[in-house]
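One-letter residues, chain by chain:
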Amino acid sequence: MIQLQDIHKSYNQQEVVSIPFFTFEKQIYWLKGINGSGKTTLLKIIAGLLPFEGDVVIEGKISLKKNRTEYLRLVNYVEAEPLYPSFLTGLDLLQFYRRTKGGNKEQSDRLIELLQVSSFIGNPVGTYSSGMLKKISLLLAFTGQPCFILLDEPLVTIDDKTVPVVNSIIRDYHEKQGIIFLLTSHQLFETDAFHVTHQLKMNHQTIHPL
Amino acid sequence: MSVSQLLNRVIGIPFYQRNAGFFLFLFIALFGIVPGSQLISYHRTLIEAILESWAFMMVVSFIWLLYGWKCYQFVMNILSEQQQQFLYLTGCLPAREQFRSILLTQLFIYLPVAVYALIVATTGFVSGTPAAAVYVIVFHSLICLFSIRLYIRRLRHPDSGKSFFLSSPFHFKITKSYPLFFIWQLLNEMKTIFVVTKLFSAIILLAFLNGFFLDTYDGRVVMLGFMAGLTAHCVMVFEFRKFEESLMLFYRNLPVSMIRRLLNMAVVYSLILLPEWFLFIAAFPERLQPGDIWWLPLFGTGMLLLYHSILYKPPMDMERYLQWIFGISAVIFFLVLYHLFLFIIVLLFGAALFFFYRWYLKFELTDGQI
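What you are looking at is a predicted structure, and each value in this text was computed from that prediction instead of being measured.

**Focus on the overall build of chain A**
And step 1. Helix and strand content of chain A: six helices and ten strands.
And step 2. Taken over the C-alpha trace, chain A has a radius of gyration of 17 Å; the compact-globule value for 210 residues is 17 Å, and the two agree within 12%.
And step 3. If one aligns the C-alpha atoms of chain A with their principal axes, the spans along those axes are about 45 × 35 × 35 Å.
And step 4. Put simply, chain A has 210 residues, and 55% of those count as buried.
And step 5. Pairs at least 24 apart in sequence give 68% of the contacts found in chain A among residues at least 6 apart.
And step 6. Of the roughly 9100 Å² that chain A leaves accessible, carbon and sulfur atoms contribute 49%.
And step 7. Each charge sign in chain A was given a centre, from 21 positive and 21 negative side chains, and these centres are 3 Å apart.

**A look at the overall build of chain B**
And step 1. Across its full length, chain B holds 16 helices and zero strands.
And step 2. Dimensions of chain B along its principal axes, counting C-alpha atoms only, are 65 × 60 × 40 Å.
And step 3. Across the 370 residues in chain B, those meeting the buried criterion constitute 51%.
And step 4. Within chain B, counting contacts between residues at least 6 apart in sequence, those at least 24 apart form 79% of the total.
And step 5. Of the charged side chains in chain B, 26 are positive and 18 negative, and the gap between their average positions amounts to 9 Å.

**Description of the interface of chain B and chain A**
And step 1. Between chain B and chain A, the residue contacts involve 33 residues of the former and 34 residues of the latter.
And step 2. A buried area of about 2800 Å², summed over both sides, lies between chain B and chain A, and 64% of it is on carbon and sulfur atoms.
And step 3. The tally of links between chain B and chain A comes to one salt bridge.
And step 4. Put simply, B:Glu364 and A:Lys9 hold a salt bridge, and the shortest N to O gap is 2.5 Å.
And step 5. Summed over the shared surface of chain B and chain A, the result is six residue pairs in polar contact (both at pLDDT 80 or more).
And step 6. Elements with a minimum of two residues in the side of chain B that touches chain A: α8 (178–189) and α11 (234–246) of chain B.
And step 7. A breakdown of the residues in the side of chain B that touches chain A according to their chemical character gives 17 nonpolar, nine polar and seven charged.

**Some details on the sheet that holds strand β3 (residues 28–32) of chain A**
Residues and elements named next belong to chain A.
And step 1. Ordered by their spatial adjacency, six strands build an open sheet running β6-β7-β8-β3-β9-β10, and the pairing between neighbours is mixed. Each edge of the sheet is formed by a strand with only one pairing partner; in this case those strands are β6 (75–78) and β10 (206–209). Across the sheet, the mean angle from the axis of one strand to that of its neighbour is 20°, orientation sign disregarded.
And step 2. Across five bridges, the pairing between strand β7 (residues 148–152) and strand β8 (residues 180–184) is parallel. Within the sheet, the bridge partner assigned to Asp152 lies in β8 and is Thr184.
And step 3. The strands touched by helix α1 (residues 39–46) are β3, β6, β7, β8, β9 (198–203) and β10; relative to β7, the strand with the most contacts, the crossing angle is about 150°.
And step 4. The strands touched by helix α6 (residues 162–177) within the sheet are β3, β7 and β8, with β8 carrying the most contacts at an inclination of about 150°.

**Let's talk about the state of the cysteines**
All names here are of chain B.
And step 1. For the structure shown, the criterion picks out zero disulfides over all chains.
And step 2. Free of any disulfide, Cys71 has its nearest cysteine sulfur in Cys144, 8.0 Å distant.
And step 3. We classify Cys71 as buried; its relative accessible area is 0%.

**Examining helix α16 (residues 341–359) of chain B**
Residue and element names in this part refer to chain B.
And step 1. Look at α16: 27 Å from first C-alpha to last across 19 residues, which is about the 27 Å you get at 1.5 Å a residue.
And step 2. Listed in full, the buried residues belonging to α16 are Phe341, Ile344, Ile345, Leu348, Ala352, Phe355, Phe356 and Trp359. Looking down the long axis of α16, one finds its buried residues gathered within 115° of arc, a one-sided arrangement. With respect to the buried face of α16, the exposed residues turned more than 90 degrees away are Leu342 and Val346.

**Focus: the environment of B:Glu52**
Residues and elements named next belong to chain B.
And step 1. You can see Glu52 is positioned in helix α3 (residues 39–52).
And step 2. Looking at Glu52, the relative accessible area reads 62%, which means it is exposed.
And step 3. Each C-alpha atom of the pair Glu52 and Gly128 lies 9.9 Å from the other, and the pair is 76 residues apart in sequence.

**Digging into the nonpolar core**
And step 1. Counting 158 residues, the largest nonpolar core has A:Phe142, A:Leu151, A:Phe181, B:Phe299 and B:Tyr321 as the members making the most contacts within it.
And step 2. Not counting the four nearest positions on each side in its chain, B:Tyr321 is found in contact with B:Cys234, B:Val237, B:Phe238, B:Tyr307, B:Ile310 and B:Leu311.
And step 3. In terms of nonpolar packing, the next biggest core, distinct from the first, is built from 32 residues, A:Ile2, A:Phe22, A:Leu50 and A:Leu150 among them.

**Observations concerning the pairing of strand β4 (residues 53–58) of chain A**
Residues and elements named next belong to chain A.
And step 1. Across five bridges, strand β1 (residues 2–11) lies against β4 in antiparallel orientation. Within β4, the residue paired with His8 across the bridge is Glu53.
And step 2. Note: β4 against strand β5 (residues 62–63), two bridges, orientation antiparallel. For Val57, the partnering residue across the bridge sits in β5 and is Ser63.
And step 3. Linking two consecutive strands that pair antiparallel, namely β4 and β5, is a turn of three residues; a positive phi of about 50° is found at Glu59 within it.

**What about the environment of B:Met258?**
Residue and element names in this part refer to chain B.
And step 1. Inspection of the secondary structure puts Met258 in helix α12 (residues 258–272).
And step 2. The spatial distance from the C-alpha of Met258 to the C-alpha of Val10 is 39 Å, given a sequence separation of 248 residues.
And step 3. Not counting residues within four places of it along the chain, the set of residues in contact with Met258 comprises Phe356, Tyr357, Tyr360 and Leu361.

**With respect to the domain arrangement of chain B**
All names here are of chain B.
And step 1. Assigned domains within chain B: domain 1 (3–167) and domain 2 (178–362).
And step 2. Between domain 1 and domain 2, the C-alpha centre-to-centre distance is 30 Å.
And step 3. Across the boundary between the two partners, domain 1 contributes 14 residues, which contact 14 residues of domain 2.
And step 4. At the boundary of domain 1 with domain 2, the tally comes to two residue pairs in polar contact (both at pLDDT 80 or more).
And step 5. Looking at the side of domain 1 that touches domain 2, the elements with two or more residues in it are α2 (20–32) and α4 (54–80).

Cut-off values and rules
The numbering scheme is per chain: residues are counted from 1 as the chain's sequence reads. Labels are handed out in written order, letters beginning with A for the chains and numbers beginning with 1 for the ligands. In view of the model being predicted, local features appear only for residues whose pLDDT reaches at least 70, and side-chain atom pairs are presented and counted only at 80 or more, with totals across whole chains, interfaces and linings using the full set of residues. Just so you know, side-chain values use all the structure's heavy atoms and leave hydrogens and water out. In this description a helix means any DSSP run of H or I spanning at least four residues, a strand means any run of E spanning at least two, and both kinds are numbered starting from the N terminus. Within these notes, the globule rule equals 2.2 Å times the number of residues to the 0.38 power, and the radius of gyration is based on C-alpha atoms. Only protein chains enter the area calculation, which uses a 1.4 Å probe; residues under 20% of their type maximum are buried, those over 50% are exposed, and those in between are partly exposed. Whether two residues are in contact is decided by their heavy atoms, any of which lying within 4.5 Å being enough. All accessibility values rest on the Shrake-Rupley procedure with a 1.4 Å probe; residue burial counts only the protein chains present in the view. The sign given to each residue is positive for Lys and Arg and negative for Asp and Glu; His and the chain ends receive no count. For this purpose, a charge sits on NZ of Lys, CZ of Arg, CG of Asp or CD of Glu. Note: buried area is the sum, over both parts, of the accessible area (probe 1.4 Å) each one loses when the two are combined. Throughout this description, the term salt bridge denotes a Lys or Arg side-chain nitrogen within 4 Å of a carboxyl oxygen of Asp or Glu. Within 3.5 Å is the distance limit for a polar contact, defined as a pair of N or O atoms, with the added protein rule that one can donate a hydrogen and the other accept it, and that residues adjacent in sequence qualify only through two side-chain atoms. Each residue is assigned to one of three groups, with Ala, Val, Leu, Ile, Met, Phe, Trp, Tyr, Cys and Pro labelled nonpolar, Asp, Glu, Lys and Arg labelled charged, and all others, Gly among them, labelled polar. Following DSSP output, two strands are said to pair if at least two bridges run between them. Axis definition: a line fit to C-alpha positions, over the contact stretch in the case of helices; interaxial angles, taken between N-to-C directions, run 0 to 180 degrees. Working definition: a disulfide is two cysteine sulfur atoms within 2.5 Å of each other. Take the number of residues in a helix, subtract one, and multiply by 1.5 Å to get its expected span. Each direction from the helix axis to a C-beta atom contributes to the arc, which is the arc of those directions. Only buried Ala, Val, Leu, Ile, Met, Phe, Trp, Tyr and Cys residues count toward a nonpolar core, and they belong to the same one when joined by side-chain atoms within 4.5 Å. What fixes the domain bounds is an automatic or database domain assignment.

Here it is, written out as structure tokens:
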């Protein structure tokens, strides 16, 4: 269970996120909203990338503000358009993530195989197409032992063959490990891939259940 | 809008905008360190030295070459950007028109060096060293023409290598840790800043270590010389912060403690200052006293770490940053005069720690910054 507690975020005195209280249960959430509604800002807040007022608390005890390191070990995030230094290889990034987020070789090998990145993971990311980069960023998002995974537009730029693979990883991680997912997507998720139990809408700076 | 104007808007103007810090540093290094009344005679002496000594000419040619490389890399990186793909349409223009447009763009971004080279060449013809003058003209013409040839090849064959630096000698397949990310960034994307900074730092340090300014040994003079060399690193530190907030943003989501994050940066700056450490070791024991060799590395790392930490205080802009550096240098200058070496080191690390803890989690890059 993850709680958003009195979250506020403003830019130039204009409030973009204002959520008094919200609880994420062990479910898969699909966050919808028009461009500029604050979806990505909310995801970045929960991922610890942006300063904000309020707090995010896991299981009532691990707070983003008070136990930041422990919190970040449990929350993984992938951006809609990920950016990495072009001289690093996918393997460099994976090893770096494993050293910080945890995770073992079996998990990495399995993800490399599922996402079919073995042919290019050893090359610098500067040589990747946007789809290849997205696959690597998804691989990193599934690395470690998170309890909450935030995926911003996970299906954008990846090929048709990979979409069902990503869906099945999400389903597996949720069913077997009880991981909570918060997804944003303008594309429709296949209804038979996994059960999106909650659809949310970002509107007027806050979250509304649909 | 003509093709030349379009290229200028996409390549020329952004080149100067993105490298504003670099040009400011260059301007200060060339025109700011000499009193205004001696500026012309200083540059006349410098130009005459270039024209009369082929060894010096080679050193200067190397620096010019680095600038040419910087221009080349910038243009190639622009051509690699997704949003600039429309530029490949210029590949369909008649060869003459395409060459003319790209030549104008190359001359625009090469202008600072071209102007200086023109003055050097003119002086060469006037002062009776025509061979050196002709060499300068041919050298710069070749740099420009070779770059233009590579741009045209890229525009006509978009798949001919995504980015040249990826095949540069500075790409090795070894496991990289966080501090090494910065060293790789320095060697791949910031070569010119690296070489210019280190040359400047080495010249100042050697001058101070060899008693250029004072005949008798005084640890305070060495420390002040080192401080001047460290100040030259300010552009490099600024670029590192930009790198951290753009391509290393994912690091904020990783479970790394605050103290570990700061220690990682301390390791980065210790590695950056390795050339200076070698100079100190080479100068020991003849030109450096045993006590000084211990605190100089701590002083250097602490100073650069503080430069880095003050950039977490928003907004991150060069003008405010240079004011901070000026203030820090003034304070340290007086503390050095009073021999308060230990206090200086504690102060530098303490202040770096304070700024880092106070602002790291509050920093956010917004539009208009950097």
